[in-house]
Amino acid sequence: MANPVAALTTVTTFPLKSVATIDPGRVLIVAPHPDDETLGCGGAIAMLRSRNESVQVLVVSDGTLSHPRSRKFPAPVLRALREQETLNALQILGVESATFLRLPDGSIEDHISTALDQVISYLQSTSPTTIFLPWRCDPHPDHRATWQLIHQALLTLSIAPRIIEYPIWDWDIEQRGSISTTVKVTGWRLDTATVQSLKQQAIEQYRSQTTDLINDDPDGFRLTPEMLSNFAQPWELFFEEIR
Ligand SMILES: [Zn+2]
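Undergrad: Could you clarify how one ought to interpret the overall build of the chain in this entry?
TA: When its secondary structure is counted, the chain shows seven helices and eight strands. Relative to a compact globule of 243 residues, whose C-alpha radius of gyration would be 18 Å, the chain shows 17 Å and is just as compact. For the chain, restricting intrachain contacts to residue pairs at least 6 apart in sequence, the fraction spanning at least 24 positions comes to 86%. In the chain, which carries 20 positive and 29 negative side-chain charges, the distance between the mean positions of the two groups comes to 3 Å.

Undergrad: Can you help me understand the packing of helix H3 (residues 112–126) against helix H4 (residues 141–157) in this one?
TA: Any two packed helices are characterised by how steeply their axes cross, that is the angle between the axes, and by the distance between the axes. Between H3 and H4, whose axes approach to 9 Å, the crossing angle comes to 60°. It follows that H3 is oblique to H4 by the angle criterion. For the pair H3 and H4, the sense of crossing is right-handed. In contact with Ile-112, Ala-115, Leu-116, Val-119, Ile-120, Leu-123 and Gln-124 of H3, H4 contributes Ala-145, Gln-148, Leu-149, Ile-150, Gln-152, Ala-153, Leu-154, Thr-156 and Leu-157. Among the residues making up the contact of H3 with H4, the classes are represented as 12 nonpolar, four polar and no charged.

Undergrad: Would you mind showing me how to read the coordination of the zinc ion here?
TA: For a metal bound by four donors in a tetrahedral arrangement, the ideal donor-metal-donor angle is 109.5 degrees, while six donors in an octahedral arrangement ideally sit at 90 or 180 degrees. Here the zinc ion is held by His-33 (ND1), Asp-36 (OD), Asp-36 (OD) and His-143 (NE2), and the distances to it run 2.1 to 2.7 Å. Coordination at the zinc ion is irregular, judged from the four donor atoms that bind it and the angles of 52 to 143° they form at the metal. Sequence spacing of the donor residues for the zinc ion, all on one chain, is H-x2-D-x106-H. With His-33 in the loop between strand E2 (27–31) and helix H1 (36–50) and His-143 in helix H4, the pair connects residues that are 110 residues apart, well separated along the chain. Since its relative accessible area comes to 8%, His-33 is described here as buried. For His-143, a relative accessible area of 0% translates into the label buried.

Undergrad: Is there a simple way to think about the pattern of salt bridges in this case?
TA: Two side chains of opposite charge can pair, provided their charged atoms sit close to one another. Under the defined criterion, the tally for this structure stands at nine salt bridges. Its salt-bridge partner being Asp-35, residue Arg-82 comes within 3.6 Å of it at the nearest N-O pair. In this pair, Arg-82 sits in helix H2 (residues 75–93) while Asp-35 sits in the loop between E2 and H1, placing the two residues 47 residues apart along the sequence. Notably, a salt bridge pairs Glu-83 with Arg-102, separated by 2.8 Å at the nearest N-O pair. One end of the pair, Glu-83, is in helix H2; the other, Arg-102, is in strand E4 (residues 99–103), and 19 residues separate them in sequence. Judged by its relative accessible area of 9%, Glu-83 falls in the buried class. Each of the salt bridges in this network shares a partner with another, and the network as a whole consists of Arg-136, Glu-165, Glu-241 and Arg-243.

Undergrad: It is not clear to me how the nonpolar core should be interpreted in this structure. Could you clarify?
TA: Core analysis: the biggest nonpolar cluster contains 47 residues, and Ile-29, Cys-41, Ile-45, Val-55, Val-57, Phe-132 and Phe-238 have the highest contact counts within it. No other element matches the seven residues that H1 contributes to this core. In contact with Val-55, not counting residues within four places along its chain, are Val-27, Ile-29, Ile-45, Leu-48, Arg-49 and Val-95. Listed in part, the 24 residues of the second largest apolar core include Val-30, Ile-120, Trp-147 and Leu-154.

Undergrad: Which parts of the structure should I look at to understand the state of the cysteines?
TA: Linking two cysteines covalently through their sulfur atoms gives a disulfide. What the rule picks out here adds up to zero disulfides. The cysteine Cys-41 is free of any disulfide, with Cys-137 supplying the nearest cysteine sulfur at 17 Å. The class for Cys-41 is buried, based on a relative accessible area of 0%. Classification of Cys-137 by relative accessible area gives buried; the value is 5%.

Undergrad: Could you clarify how one ought to interpret unusual backbone geometry in this entry?
TA: The phi angle of most residues is negative, glycine excepted, and most peptide bonds adopt the trans form. The backbone of Asp-23 shows a phi angle near 50°, a positive value even though the residue is not glycine. By relative accessible area, which is 67% here, Asp-23 ends up exposed. The backbone of Asp-35 sits at a positive phi, close to 140°, despite the residue not being glycine.

Rules of the game
Residues numbered from 1 in each chain as written. Predicted model: local features only at pLDDT ≥ 70, side-chain atom pairs only at ≥ 80, totals over all residues. Heavy atoms only, no water. Helix = DSSP H or I, 4+ residues; strand = E, 2+ residues; numbered from the N terminus. Rg over C-alpha atoms; globule rule 2.2 N^0.38 Å. Contact = heavy atoms within 4.5 Å. Lys, Arg positive; Asp, Glu negative; His and termini not counted. Charge placed at Lys NZ, Arg CZ, Asp CG, Glu CD. Axes fitted to C-alpha atoms, helices over the stretch in contact; angles between N-to-C directions. Parallel < 35°, antiparallel > 145°, perpendicular 65-115°, else oblique. Left-handed = near helix turned anticlockwise from the far one by under 90°. Nonpolar A, V, L, I, M, F, W, Y, C, P; charged D, E, K, R; others polar. Donors = N, O, S within 2.8 Å, 3.2 Å for Na, K, Ca; no water. Tetrahedral: all angles 85-135°; square planar, octahedral: opposite > 155°, others 65-115°. Buried < 20%, exposed > 50% of the residue type's maximum accessible area, 1.4 Å probe, protein only. Salt bridge = Lys/Arg side-chain N within 4 Å of Asp/Glu carboxyl O. Core = buried A, V, L, I, M, F, W, Y, C linked by side-chain atoms within 4.5 Å. Disulfide = S-S within 2.5 Å.

Below, the structure is given as structure tokens:
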């Protein structure tokens, strides 16, 4: 079966659900990089918090690869900046804190085994009943490795929370559908219209990724207007494995 996200242009045919249909229990949002939680799930976070649901956020990498050559923002400074941007964004969405695992940006896959114990402890202490993970076939290797890291930890713990997966880099037309899978998934959209402007405000907190704030690295990363427009819809797209 081809990657189900390969035809992202048809996503508006996926069913639209209200947050009331989710009944999530304790929610954990897992982000490979500081900003993925807001881009992929910012609307869900705001809607869940408006219903007073418990939402925890785990950010896996330190995000320091976005501007590797900046002298004004060397890695420790960039890490602190991106973590503060995350906290600012989450505050707008109704979440007061986050946990930062600080694995090296760009090489999460190489650190799965060393981070596993820490992730297991984290899952034991937070005991989520619903986990939002990056889509397991996202074109970005850090996103796939993040899915693997949590998946392996859950196998060790022998617990099976509901897993809801969110695409990020499949939205990029150049990268879309580059990974194929035999996994059967169902796609649906969460109606986030009432929190659309809150989500936009939260995304704007990521000034290091969306503006010229860091202007001394010609190879620096920037979320393009085209990419950002994909996350400005009045809904968010999710996948769940059909078992
Ligand atoms: Zn990412």
